Amino acid sequence: MKKLTLPLNKSDVKELRAGDSVLISGTILTARDCAHKKIFELLNSNKQLPFEIKDAVIYYAGPCPAKPSAASGSCGPTTSARMDSFAPRLLDLGLGAIIGKGEMSEDVREAVKRNRAIYFAAIGGAGALYGKAIKKSDCIAFPELLSEAVYRLEVENFPAIVAYDCSGESIY
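Residues numbered from 1 in each chain as written. Predicted model: local features only at pLDDT ≥ 70, side-chain atom pairs only at ≥ 80, totals over all residues. Heavy atoms only, no water.

1. Quick look at unusual backbone geometry
Turning to step 1, where the next piece is worked out: The omega torsion across Leu6 and Pro7 is 0 degrees, close enough to zero to call that bond cis.
Turning to step 2, where the next piece is worked out: Mapped onto the elements of the fold, Pro7 is located in the loop between strand S1 (2-5) and helix H1 (10-15).
Turning to step 3, where the next piece is worked out: With a phi close to 55 degrees, Arg116 is a non-glycine residue in the positive phi region.
Turning to step 4, where the next piece is worked out: Along the chain, Arg116 falls in the loop between helix H4 (106-114) and strand S5 (118-121).
Turning to step 5, where the next piece is worked out: Not every positive phi belongs to a glycine, and Phe142 is a case in point at roughly 60 degrees.
Turning to step 6, where the next piece is worked out: Relative to the helices and strands, Phe142 resides in the loop between strand S6 (134-141) and strand S7 (150-164).
Turning to step 7, where the next piece is worked out: Of the residues examined, Phe142 reaches a relative accessible area of 12% and is grouped as buried. (Helix = DSSP H or I, 4+ residues; strand = E, 2+ residues; numbered from the N terminus. Buried < 20%, exposed > 50% of the residue type's maximum accessible area, 1.4 Å probe, protein only.)

As structure tokens, this is what we get:
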């Protein structure tokens, strides 16, 4: 199992292969369907995003409220294919990696390859495990979306599998 610290550097990305198991530590952002729609409204209006997209990692998830002793509640991945229409543009804008569940479109795989990025697969049904990997959680954009807002998460040893590597290879 490879340990990765975010932000990813180009040598880390080059070494990762489809099927590699990884433990991710560092800062990731959450964004689901509703947040992506708001992100694209801003982009299409030539407005600045409320966070930096370059080299960011977006996790397709919405954290559940935390218990008093925790940074986050359960935080399992949502189906990545629902973001197929959004991902290529964000990757072209410099998004470094995606974390989600399941196969994405050929357009996304090509955008991952074109931009030397990574798509990590998270395990569906393991939201409690992922919640425990979250050490800090802050809502940074679109709070009106509640759990679908954009959150900045500090994670430690967040388990994932390289689904699409930067050369375009896939586990699917």
